[in-house]
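An overview of the molecular structure
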Amino acid sequence: CNKFPSGQGFGKPLKVLLNFSDKEDIVEIFVHTPNEKLIVVSLDSRGFIVNENEILASTKTGRQVLNVIPGVKAACCTKATGDYVGVIGGRDKSEKMIVFMLKELPTMSKGRGVTLQKISNGKLRDVITFSKEAGIFDYDKKRELISFNKLKKWFGKRSQAGKAVPKELKGKLPRAFMNNFKR
């Protein structure tokens, strides 16, 4: 970061500063926190947990952690906090959500990962981690969107299809999903 121009700039895109090609996109940018864990997931709903210490790179363009097959892109990267994972995927009106324990995801340093949600048509929309105490929380409005007890309907095992998305999350990405990008 000390190589970036300081002071008032002209809005030069980050992709240009980092010499990214047109085929590469930035999914998420975090400030490194030693020993924190992240969940990385592709659009085909495959992902895993990775330790932040293992993804540090000394090159300007970083390090590739998530391997994807041709035609599939990285979808999101979020902090692995809490004990539960919520996954939303599908196509518009047929979106489904599944909630499972975070410990069902493997910790890997690189790879394709495991299937988080079985999606027959469409693609993964988002991933969130949360605790039993907080439920799914909207950080912008400072209120709980869905309590943990209301989420029991969506509990299942990793790689199941899930059930229709709760109305509180339908068609919008609340600030609860704050670490993920919007498509």
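As the structure is a computational prediction, the values presented were derived from the model and not from experiment.

1. Here's the deal with the overall build of the chain
Scanning the chain for helices and strands turns up one helix and ten strands. Reading the chain from its N terminus to its C terminus gives the helix and strand order α-β-β-β-β-β-β-β-β-β-β. Looking at the chain residue by residue over its 183 residues, the buried ones come to 37%. Of all intrachain contacts in the chain linking residues separated by at least 6 positions in sequence, the fraction that spans at least 24 positions is 68%. Total accessible area on the chain is roughly 11100 Å²; 51% of this is exposed by carbon and sulfur atoms.

2. So, a nonpolar patch on the surface
Nonpolar side chains collect at one region of the surface, where Leu 14, Ile 26 and Ile 29 lie side by side and expose about 230 Å² of accessible area between them. Here Ile 26 is to be found in the loop between helix H1 (14-17) and strand S1 (37-42). On the accessibility criterion, Ile 26 (30% relative accessible area) is partly exposed.

3. A look at the environment of Leu 14
As for its placement among the helices and strands, Leu 14 is situated in helix H1. In this structure the C-alpha to C-alpha distance between Leu 14 and Ile 26, which are twelve residues apart in sequence, comes to 8.9 Å.

4. Observations concerning the nonpolar core
Grouped together as the largest cluster of nonpolar side chains are 17 residues, with contacts concentrated most on Ile 39, Val 85, Val 87, Leu 105 and Val 127. Those elements that place two or more of their residues in this core are S1, strand S3 (74-79), strand S4 (84-90), strand S5 (96-101) and strand S7 (123-130). When sequence neighbours within four positions are dropped, the list of residues in contact with Val 85 reads Ile 39, Ile 98, Val 99, Phe 100, Leu 102, Leu 105, Val 127, Ile 128, Thr 129 and Phe 130. Listed in part, the 14 residues of the second largest apolar core include Ile 88, Met 97, Val 99 and Ile 136.

5. Digging into the state of the cysteines
One pass over the structure, following the stated rule, counts zero disulfides. Cysteine Cys 76 shares no disulfide, and the gap to the nearest cysteine sulfur, in Cys 77, comes to 7.7 Å. The exposure class of Cys 76 is buried, given its relative accessible area of 3%. Classification of Cys 77 by relative accessible area gives buried; the value is 11%.

6. Some thoughts on the sheet that holds strand S2 (residues 46-51)
The four strands are arranged S3-S1-S2-S6 in an open sheet whose pairing can be described as antiparallel. If you trace the sheet from one side to the other, it starts and ends with S3 and strand S6 (114-115), each paired once. The pairing of S2 with S6 spans two bridges and is classified as antiparallel. Across the sheet, Arg 46 pairs through a bridge with Thr 115, a residue of S6.

7. What about the sheet that holds strand S10 (residues 163-164)?
Taken in spatial order, the four strands of this open sheet run S7-S4-S5-S10, and their pairing is antiparallel. Of all the strands in the sheet, the pair left with one neighbour each is S7 and S10. Pairing between S5 and S10: two bridges, direction antiparallel. Of the residues in S10, the one forming a bridge with Met 97 is Lys 163.

Reading the values: the criteria
Residues numbered from 1 in each chain as written. Predicted model: local features only at pLDDT ≥ 70, side-chain atom pairs only at ≥ 80, totals over all residues. Heavy atoms only, no water. Helix = DSSP H or I, 4+ residues; strand = E, 2+ residues; numbered from the N terminus. Buried < 20%, exposed > 50% of the residue type's maximum accessible area, 1.4 Å probe, protein only. Contact = heavy atoms within 4.5 Å. Areas by Shrake-Rupley, 256 points an atom, 1.4 Å probe, with all protein chains shown as cover. Patch = residues over 30% accessible without salt bridge, like charges linked within 9 Å, V, L, I, M, F, W, Y side chains within 5 Å. Salt bridge = Lys/Arg side-chain N within 4 Å of Asp/Glu carboxyl O. Core = buried A, V, L, I, M, F, W, Y, C linked by side-chain atoms within 4.5 Å. Disulfide = S-S within 2.5 Å. Pairing = 2+ DSSP bridges.

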